[in-house]
Amino acid sequence: MVGSALACALGSNSATSSLRVLVLDREGPTEVTSPSSNVPDLRVSTVTPASVQLLQSVGAWEHIAPPRSAAFQHMQVWDEGGNGYVRYSAAQVGRDNMGYVAENRVLQTALMRRLKDLKNITLLWPASLEALTLPSYALEAHEGPGTNSLAELRLAHGQTCKARLVVGADGARSRTRQLADLRTFSWSYHQRGIVATVRTQQPNDTAWQRFLHTGPLALLPVRDGYSNIVWSTSLQQASALEKASPHEFALAVNEALRGGFPPARNPLLPMRSAEEFAAPPAVFAVEETQQRSFPLACAGAGRYVRPRLALVGDAAHVVHPLAGQGVNLGFGDVRTLADALTHAVETGRDVGELGLLEDMYEQPRQRENGIMMVALDSLKRVFAPQSGVLASFRGLGLDIINGTPALKSSIMKYAMG
Ligand SMILES: Cc1cc2nc3c(=O)[nH]c(=O)nc-3n(C[C@H](O)[C@H](O)[C@H](O)COP(=O)(O)OP(=O)(O)OC[C@H]3O[C@@H](n4cnc5c(N)ncnc54)[C@H](O)[C@@H]3O)c2cc1C
């Protein structure tokens with residue numbers, strides 16, 4: 001998704017449309033000809049308003065907008081281990097909605113349709129990257145900015161190509177990052193994220209998230225009255241939930257989302273502006289689908305760039321899905337890198353020059369992504385204990401956010417990009 005968005009951005013801008021761009025993928029795209037006639041796919045992404053702007057600017061949004069995706073107007077977060085909750089509404093920040101939920105295959109198909117229209121883009125698949133030769137830092141220092149040596153790629157079936165800039169957008173287990181010898185830091189949450197498609201009792205216009213003692217459980221509206229579950233939980237529970245029938249799974253979701261006591265307003269905080277807690281809808285199984293699970297980790301590359309190389313998206317950073325920010329951070333990389341390359345073309349600089357990539361891409365994005373990674377990891381840890389002082393303060397913290405409009409709006413605006 002992120003690599004295609006970057007290629008679309010380069011092809012849609014008059015300055016960078018002079019660059020010749022080759023898009024390689026080891027798999028062909030999953031074409032969705034008529035998404036509204038099928039049950040939605042299990043893999044979905046929340047798309048923030050900032051990402052919508054990017055997708056609009058590259059001409060892909062018209063193929064993603066509702067009815068192919070669903071907008072959500074509210075977000076409600078609450079805690080199994082306490083009384084606190086926060087309910088956000090788009091109207092509080094003067095917006096129609098807080099974002100959209102789109103199937104990954106709808107995003108991929110929309111970007112691919114757009115790529116096929118762009119004159120400076122060549123698509124090649126199946127094409128798996130096997131070897132990569134990059135100029136060394138020493139050579140760049142010796143020859144000056146934008147060394148004459150190009151990057152060389154060798155593909156699985158022996159084909160080779162040269163490039164002024166290679167962008168590694170090949171996901172969390174990036175071969176490009178590995179071949180470029182860029183080190184990563186990572187830790188596993190020793191959890192898996194179960195994803196499933198369900199139906200809800202009432203139409204759903206809210207992104208619901210309950211923090212359970214095992215991890216967060218989210219219920220997100222998708223299209224045509226369906227909703228999507230992202231349930232982060234222990235390896236043991238994930239294995240059992242994955243084997244459950246869709247009906248058994250729906251029962252487990254209802255118990256986890258609606259069981260126990262609903263939060264009540266804290267009597268010590270009589271804030272009139274606080275929105276009332278809303279009960280989440282009951283979910284029903286969709287028999288044609290079977291839930292799947294994915295490992296959850298936090299990871300980041302220490303460097304995003306080398307001479308003639310840049311990493312974007314999950315190749316550069318992987319976050320916990322609890323706030324649905326993963327692909328949105330990747331789209332943020334796309335905006336910044338596309339701006340840097342536009343600047344290079346307009347000022348006659350080499351697009352693969354290390355100094356340009358460091359100053360105009362790596363530094364701003366490492367700062368931005370780093371803040372989000374720390375915030376999400378802290379959130380994950382703060383919500384882990386179910387009793388004791390931290391659990392009590394957490395409930396109080398949620399109540400204070402819920403009853404403080406200025407604080408609530410700032411958090412919402414930040415999360416919406
Ligand atoms: C359970 C779960 C729920 C999530 N929910 C959300 C959400 O709600 N919102 C959100 O923003 N994010 C979410 N994410 C994260 C999001 O899915 C990722 O951030 C996003 O897919 C990353 O996109 P990408 O394009 O960087 O990488 P990928 O989507 O992994 O794409 C990588 C591409 O590179 C290709 N490739 C890989 N290796 C090679 C090679 N050697 N040669 C050639 N091609 C190669 C692959 O075929 C693929 O097309 C979730 C993640 C999980 C696990």
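Above: the structure in question.
Scoring rules and cut-offs
Residues numbered from 1 in each chain as written. Predicted model: local features only at pLDDT ≥ 70, side-chain atom pairs only at ≥ 80, totals over all residues. Heavy atoms only, no water. Pairing = 2+ DSSP bridges. Helix = DSSP H or I, 4+ residues; strand = E, 2+ residues; numbered from the N terminus. Axes fitted to C-alpha atoms, helices over the stretch in contact; angles between N-to-C directions. Contact = heavy atoms within 4.5 Å. Buried < 20%, exposed > 50% of the residue type's maximum accessible area, 1.4 Å probe, protein only. Near = heavy atom within 4 Å. Polar contact = N/O pair within 3.5 Å; in protein donor to acceptor, adjacent residues only side chain to side chain. Areas by Shrake-Rupley, 256 points an atom, 1.4 Å probe, with all protein chains shown as cover. Nonpolar A, V, L, I, M, F, W, Y, C, P; charged D, E, K, R; others polar. Domains from an automatic or database assignment. Phe/Tyr/Trp six-rings, centres within 6.5 Å; stacked < 30°, edge-to-face > 60°. Lys NZ or Arg CZ within 6 Å of the ring centre and 35° of its normal.

> Quick rundown of the sheet that holds strand β6 (residues 99–103)? Include the residues and the values.
Spatial ordering of the open sheet is given by β2-β6-β3, a layout of 3 strands whose pairing is antiparallel. Each having just a single partner strand, β2 (44–47) and β3 (70–72) make up the two edges of the open sheet. Pairwise comparison of adjacent strand axes, ignoring direction, gives a mean angle of 25 degrees for this sheet. Sheet topology places β2 next to β6; 4 bridges connect them, and they run antiparallel. Within the sheet, the bridge partner assigned to valine 47 lies in β6 and is tyrosine 100. Contacts between helix α3 (residues 104–117) and the sheet are confined to β2 and β6, with β6 contributing the most and set at about 85 degrees to the helix.

> Give a detailed account of the environment of glycine 82, specifying residues and quantitative values.
Turning to its location among the elements, glycine 82 is positioned in the loop between β4 (74–79) and β5 (85–89). According to the relative accessible area criterion, glycine 82 is partly exposed, its value standing at 25%.

> How would you summarise the site of the ligand if you had to cite specific residues and measurements?
With respect to spatial proximity, 25 residues lie near the ligand, and among them Val2, Asp25, Arg26, Asp314 and Val327 are the closest. A distance of 3.1 Å is found between an oxygen atom of the ligand and a backbone nitrogen or oxygen belonging to threonine 46. Glycine 326 places a polar main-chain atom, nitrogen or oxygen, 3.2 Å from an oxygen atom of the ligand. For the ligand, the protein covers 84% of the area, taking 1,000 Å² as the surface of the free molecule. Going through the elements one at a time, β2 and α8 (326–347) are the ones with two or more residues in the shell around the ligand. For the shell around the ligand, a count of residues per class yields 10 nonpolar, 9 polar and 6 charged. Counting contributing residues, the shell around the ligand receives three or more from each of domain 1 (1–28 + 125–183 + 302–382) and domain 2 (40–102 + 189–296 + 385–417).

> Let's hear about the packing of aromatic side chains: which residues, and what values?
In total, this model carries 7 aromatic pairs according to the counting rule given. Every member of this aromatic cluster is reached through a ring pair, and the members are Trp78, Tyr85, Trp208 and Phe277. A cation over an aromatic ring shows up here: arginine 43 above the ring of phenylalanine 294, its NZ or CZ 4.1 Å from the ring centre. A cation over a ring is seen here: arginine 199 above tyrosine 226, with NZ or CZ 3.9 Å from the ring centre.

> So, unusual backbone geometry: which residues are in play, and what are the values?
Here the bond from proline 66 into proline 67 is cis, since omega is 10 degrees, no more than 30 degrees from zero. Residue position: proline 67 is located in the loop between α2 (49–57) and β3. Note that the residue after tryptophan 125, namely proline 126, is joined by a cis bond; omega there is -5 degrees. Checked against the element boundaries, proline 126 lands in the loop between β7 (121–124) and β8 (129–133). For aspartate 181, which is not glycine, the phi torsion reads 60 degrees and is therefore positive. At histidine 190, a residue that is not glycine, the phi angle is positive and equals roughly 50 degrees. Relative to the assigned elements, histidine 190 resides in strand β12 (residues 184–200).

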